[in-house]
Structures are given as structure tokens and as C-alpha cells.
Amino acid sequence: MIDHTHDAAASTWVAGADAHEHFPVQNLPLGIFSPVDSTPRIGTAIGDWCLDLAALASLLPETTRSALAVPLLNALFALPPQERLALRHAIFALLTDASRRGEVEPHLHRAADCALHLPFQIGDYTDFYVGIHHATNIGRLFRPDNPLLPNYKHVPIGYHGRASSVRPSGTPLVRPKGQLKGPNDAAPRFTPSQRLDFELELGAWIAGENDLGASVPIGQAWDRIGGLCLLNDWSARDIQAWEYQPLGPFLAKNFLSSVSPWVITREALAPFHVPQPPRPEGDPAPLDYLTDEADQQCGALAVRLAVTLSTRSMRDAGLPPVTLSQGSATAMYWTLAQMVTHHTSNGCNLAPGDLLGTGTISGTTRGSEGSLMELSRGGTEPVTLPGGESRTFLEDGDELVLSATAEQPGYRAIGFGLCAGVVEPAR
Ligand code: MN
């Protein structure tokens, strides 16, 4: 799967793109953007520019042309993976061959002037819980001696989320109101959440479709992963604590889920596959339907994750955002392929543009936690911020930004773009 488009020495004629932190020519993410005063269309990000692929369709593979005419990625990701590979090769050729510059350059739009949209019409959104250190940290708050429930190492745990409230980076988060009952409350009350949190996750965009009743064997699961994004599964911990038993998260999680708008394609991620970390001694082996030697050899991804926070006071004082957390996507107990296979193992159909969240990804060390619930030890140890403030949970005016970089020795690192949101007061 690694080819000339991953060559670290590859160079584009687009000014500044070779040095760009997120979008060198080795990345070529897919997304939906609007130029100033114009309508949405399919594009790719190259350096500080958005390239209009719909306008260039006549120069791109014929098999992708009708899909490129629609300002959503669903049709493109309904095609077999080799069609998106051919599209990547064609875009790469246009951007690296200086003789094509005259044809292509008129269709570059300055990214700072463009609006970015949701890449897909999302049919369904499922959130998993594969970040084992997150599951352990959260479990320990409730059950110090027995943090992981007995099913955790046998089943990739997940729940069905809500697609309608998935929005692109930049969408403000209106503080949710809800019913909650704190430990000192005699009765439940309806009030704005006071324990508003983020969750650092990766999202996987589904490609292709399996019929209802047909499962995806683990050896074919990667063909169903079209690409990845960042996902912030904003969570109201006080609402969650009161409502979650017995059926799991409901209104504590579905008021907004933010995604980074560019799809980092499976094809772009080829150089960044790494072995799944071995299970600790004594852990059960996965059942056969979740076991694949190739998946264990290369089913994890070398992706570095980071979360920054800036409060309104910090911005007013001209202070830069502070890094709350840094971690690695290898801290997942189950692989993306195992998530897809488990999800379809009962015959559940996954369709192009369905979104799977990994669950919060936390590391084992202080400063690698993927939520404030963990960073503040359940709200008991405030996080100190520059300028003298502190946080246990998010306050109005706080801006949270998730970022990710895929990197491997010998290859050009590629970024995911950002997944940002500002907390607004409850309405
Ligand atoms: Mn989550």
C-alpha cells in the first residue's frame, strides 16, 4: 500500500505546502469546503489552500467523476478502495507536475477564506470505549479495586450515539442543561451542567456497505475504513452520572459531537501502520472472529494526539493556549478493524459516511489523559492554568482544540487539521 505518493522527498509547486504542518502533498485529505460567497464542493487541502476537485473532475479518473459532482463524500466512499487510490494518484500527479500548474492553480482557494463543512451525510454514529487507560481511570473513580468490568477484554464495548448533532470543528458548544442529582442533592434538579468535559477520540469514517445480515470478516475490515478524523465527544459528567444506568449514555453525550472536517484517507495513512501493542500477560486472547495475524502486525496507527485549552481570560491577556494533554493512538485495546468486525458481527449493516468513535484515548502517565474527568481526578484536583486560573471542568468562554499528527521514521508526517470548539453559556 506504500507507494510514490508517500515518498518523503515528493514536492509540490503549491507555495508553502512542502513545509506545511498538516497538509503536505503526501496527505491529500478529502473534505467539503465553500469558497467565499460560493456553494460547497469536494476538495482537498494542500498547504494553506483548498483545491476544488469538482472543478477539476475532467482531469481526474472517470470512475470518480459523478461522485465528485456531489458536495458530500458519501458517493465517493461507496466506491471500491482502488477508485479512491486512483483519485489520490491523479491529484498527486497534478500537484507535483509543474507543467499542470496552469490548469490547476485557478482552482486553489485560500483556506483562511473558505468554510469547511461536515464531509458526509452521517447515517449513524457509534462510539466505542477502546481506550483502555481511559476505561481504567474512569472505572477506578467508581470501583477502586476493580476498575474494568469483566466483559472489557472480551468485547469491544460501544453504544449507539446520535448522528444529527455531529458538527464540524468551529461549531460553538452551548452548555447543555439537564436533569442531574449530585451527591448532596436531596432530589434531582434541572439545571445547566456544571461538569462539562471533552473526550479526545479518533473517528473512523466508514466506506462501502455490507448488506443487513452480512458480517465483515476481520481480514477485510480495513477495506471498510475510508479514513480518519479527530472527534471530540463533549460530555456532561453530572448528567451522565445520574442517567447512565441501566442503558448507558443518552443526553449527557448527544448535545454536540465535533469532528475535524478533513478526512485523512486510509491511503494516506499507509506508512503509519504499526503493530498492535501485545496484550498484557494473563489477558484473554480475543475470540476467533476478532483475531487476524495481519491486523495484530499492523492494525494500530502511529498517531500523536494533543489537546490545548485557552480560557477567555488567557486570550484577553494575550496568553497562548496551554497543552492539557498529549498522547498516542496506540493506547487502544482493540484495533479499528476489530471495531468494524465486531460492529457487523451480528449482521448490522454499516454504510458509507457512518462514523465510529474510538472512545476516549488516554495514556498511562500524568498529562496524557484524554478528558478533564481524568486530568482533575473526578474534579478533586484542579488543573492549574497560566495566568492563575484553574479548571476541574470546562467554563464558559473556554476554547478546546484537539490535534493529531501521523508520524513514522523515514516518512513525511501528516496532520489531521484541528477540531476546535468554544463553550457558550447555557440558553
Ligand atoms: Mn466517547
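What you are looking at is a predicted structure, and each value in this text was computed from that prediction instead of being measured.

Overview of the overall build of the protein
Then comes step 1: Secondary structure assignment for the protein yields nine helices and 26 strands.
Then comes step 2: By the compact-globule yardstick of 22 Å for 427 residues, the protein fits well, its C-alpha radius of gyration being 21 Å.
Then comes step 3: Going through the 427 residues of the protein one by one, you find that 54% of them count as buried.
Then comes step 4: Considering only intrachain contacts with a sequence separation of at least 6, the fraction spanning at least 24 residues in the protein is 73%.
Then comes step 5: Accessible surface, the protein: about 17700 Å² in total, of which carbon and sulfur atoms supply 54%.
Then comes step 6: Distance between charge centroids for the protein: 6 Å, based on 30 positive and 45 negative side chains.

A short note on the nonpolar core
Then comes step 1: Within the largest apolar cluster, 63 residues are counted, with the highest numbers of intra-cluster contacts made by Leu324 and Phe416.
Then comes step 2: Those residues within four positions of Leu324 in sequence are excluded, and the remaining contacts are Phe198, Val307, Thr308, Leu309, Gly367, Leu372, Leu375, Val383, Leu385 and Leu400.
Then comes step 3: Listed in part, the 40 residues of the second largest apolar core include Leu95, Phe120, Ala163 and Cys229.

So, the environment of Asn349
Then comes step 1: Turning to its location among the elements, Asn349 is positioned in the loop between α8 (336-344) and β22 (355-357).
Then comes step 2: Its relative accessible area of 32% is what places Asn349 among the partly exposed residues.
Then comes step 3: As for Asn349 and Thr330, which are separated by 19 residues in sequence, their C-alpha atoms are 27 Å apart.
Then comes step 4: In contact with Asn349, other than residues within four places in its own chain, are Glu209, Asn210, Asp211, Leu212 and Asp354.

Quick notes on the pattern of salt bridges
Then comes step 1: Across all of its chains, the model carries 19 salt bridges by this definition.
Then comes step 2: Of the charged contacts, one joins Lys153 and Asp283 as a salt bridge, the two residues approaching to 2.9 Å between their closest N and O atoms. Taken together, the residues span a long stretch of sequence, with Lys153 in the loop between α4 (132-142) and β7 (158-160) and Asp283 in the loop between β18 (273-274) and α6 (293-298) at a distance of 130 residues.
Then comes step 3: You can call Asp283 buried: its relative accessible area is 18%.
Then comes step 4: Of the charged contacts, one joins Asp197 and Arg237 as a salt bridge, the two residues approaching to 2.9 Å between their closest N and O atoms. With Asp197 in strand β12 (residues 196-197) and Arg237 in helix α5 (residues 237-243), this residue pair connects regions lying 40 residues apart in the sequence. Residue Asp197 shares its accessibility class with Arg237, and that shared class is buried.

Examining the domain arrangement of the protein
Then comes step 1: What the domain assignment reports for the protein is domain 1 (4-117) and domain 2 (125-424).
Then comes step 2: Once you take the C-alpha centre of each, domain 1 and domain 2 turn out to be 28 Å apart.
Then comes step 3: The interface is formed by 30 residues belonging to domain 1 together with 28 residues belonging to domain 2.
Then comes step 4: With both chains or domains summed, domain 1 and domain 2 bury close to 2200 Å², and 63% of this area falls on carbon and sulfur atoms.
Then comes step 5: Its largest share of buried area at the contact with domain 2, domain 1 owes to His6, His22 and Phe77, together 26% of the area lost on that side.
Then comes step 6: Where domain 1 meets domain 2, there are zero salt bridges.
Then comes step 7: Across the domain 1-domain 2 interface, the total number found is nine residue pairs in polar contact (both at pLDDT 80 or more).
Then comes step 8: Broken down by secondary-structure element, the contributors of at least two residues to the side of domain 1 that touches domain 2 are β1 (30-34), β2 (41-46) and α2 (81-96).
Then comes step 9: Among the elements that make up the side of domain 1 that touches domain 2, the one with the highest residue count is α2 (four residues).

Quick notes on the sheet that holds strand β9 (residues 173-174)
Then comes step 1: Pairing within the open sheet is mixed, and its five strands lie in the order β9-β26-β25-β20-β21. Edge strands, defined here as strands with exactly one partner in the open sheet, are β9 and β21 (322-328).
Then comes step 2: Across eight bridges, the pairing between strand β20 (residues 303-310) and strand β25 (residues 399-406) is antiparallel. Note that in β25 the partner of Val303 across the bridge is Ala406.

Thresholds, definitions, all that
- Residues numbered from 1 in each chain as written.
- Predicted model: local features only at pLDDT ≥ 70, side-chain atom pairs only at ≥ 80, totals over all residues.
- Heavy atoms only, no water.
- Helix = DSSP H or I, 4+ residues; strand = E, 2+ residues; numbered from the N terminus.
- Rg over C-alpha atoms; globule rule 2.2 N^0.38 Å.
- Buried < 20%, exposed > 50% of the residue type's maximum accessible area, 1.4 Å probe, protein only.
- Contact = heavy atoms within 4.5 Å.
- Areas by Shrake-Rupley, 256 points an atom, 1.4 Å probe, with all protein chains shown as cover.
- Lys, Arg positive; Asp, Glu negative; His and termini not counted.
- Charge placed at Lys NZ, Arg CZ, Asp CG, Glu CD.
- Core = buried A, V, L, I, M, F, W, Y, C linked by side-chain atoms within 4.5 Å.
- Salt bridge = Lys/Arg side-chain N within 4 Å of Asp/Glu carboxyl O.
- Domains from an automatic or database assignment.
- Buried area = accessible area lost by both parts, 1.4 Å probe.
- Polar contact = N/O pair within 3.5 Å; in protein donor to acceptor, adjacent residues only side chain to side chain.
- Pairing = 2+ DSSP bridges.

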